[in-house]
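Residue-level listing of the chains:
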Amino acid sequence: MEFVIATQNKGKLKEMRRILEPLGHTVLSAKEAGFDGDVEETGSTFAENAALKAAAVARALGKPVIADDSGLMVDALNGAPGVYSARYAGEGATDRQRWEKLLRELKEVPRQKRTAKFCCAVVLALPGKEPVTFTGECPGYIGEGPLGEDGFGYDPVFYLNESTSFATLSGEEKDKISHRGKAMAQLEEYLKKLPQSGEE
């Protein structure tokens, strides 16, 4: 099946390609499929924002679309940055500027209170069908500094244990446990149950 991924985030696109292509699916970015606009994320939840993106791109292209909205929720910050994870350090900030701001915010917070989780909502929009939402979470904590060279976003400061951050994992290792990996696994199970073209 061919899917358009409704994201401008190269890291997310890379992860979704890595998960979907080995399963036999073709993956196009929204730009590759001919959608060059921006979708305003006005929702108050990850699921609402993912649904907005999926609906807008599916309407414009008339193709199967997968959209994701995800972010980091830190307990000591009352769930922030949450849906504002990408804009946490202002529009146009780099990944490093975002996690550096996060570390500053948590400077006086002890290790046991630095608990956090990554959350993801993936929405599948198929022509003529109601959108379907899949969600995933991954618990961890915010370290006192970056660790690892891989990943993107807040991965270098999101720790699973003292020696492992998301940025120390290979892509395949991360996909097995990550918030996005869990949501995408649910999506794949759903796709397996759909009638194949010609069967309807």
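Model, not experiment: these values are computed from the prediction. (Residues numbered from 1 in each chain as written. Predicted model: local features only at pLDDT ≥ 70, side-chain atom pairs only at ≥ 80, totals over all residues. Heavy atoms only, no water.)

(A) How the structure looks around the sheet that holds strand 4 (residues 115-125). Taken together, the seven strands give an open sheet; going across it, the order is 2-1-3-4-5-6-7, and neighbouring strands pair in mixed fashion. Taken across any chain shown, the strands that pair with only one partner, and hence form the sheet edges, are strand 2 (26-29) and strand 7 (164-165). Pairing of strand 1 (residues 2-5) with strand 3 (residues 65-74) involves two bridges; the strand directions are parallel. Each residue of the ladder has a partner; that of I5, found in strand 3, is I66. The strands that helix 2 (residues 46-61) touches are strand 1, strand 3, strand 4 and strand 5 (132-142); relative to strand 3, the one it contacts most, it runs at about 160°. (Pairing = 2+ DSSP bridges. Helix = DSSP H or I, 4+ residues; strand = E, 2+ residues; numbered from the N terminus. Contact = heavy atoms within 4.5 Å. Axes fitted to C-alpha atoms, helices over the stretch in contact; angles between N-to-C directions.)

(B) Expanded view of the packing of aromatic side chains. Tallied over the entire structure, the rule returns five aromatic pairs. An aromatic cluster of three or more residues is present, and its members are F118, F158 and F166. Here K101 stacks its cationic end above the ring of Y88, 4.5 Å away from the centre of that ring. The aromatic ring of Y141 is capped on one face by R111, whose charged end is 3.3 Å from the ring centroid. (Phe/Tyr/Trp six-rings, centres within 6.5 Å; stacked < 30°, edge-to-face > 60°. Lys NZ or Arg CZ within 6 Å of the ring centre and 35° of its normal.)

(C) Just the pairing of strand 5, in detail. Bridge count between strand 4 and strand 5: ten bridges; the pairing is antiparallel. Residue C119 lies in a different strand from strand 5, and its bridge partner there is E137. Counting the residues between successive antiparallel strands, the hairpin from strand 4 to strand 5 contains six residues, one of them, G128, with a positive phi of roughly 80°.

Such coordinate-based values are descriptive only and should not be taken to indicate function.
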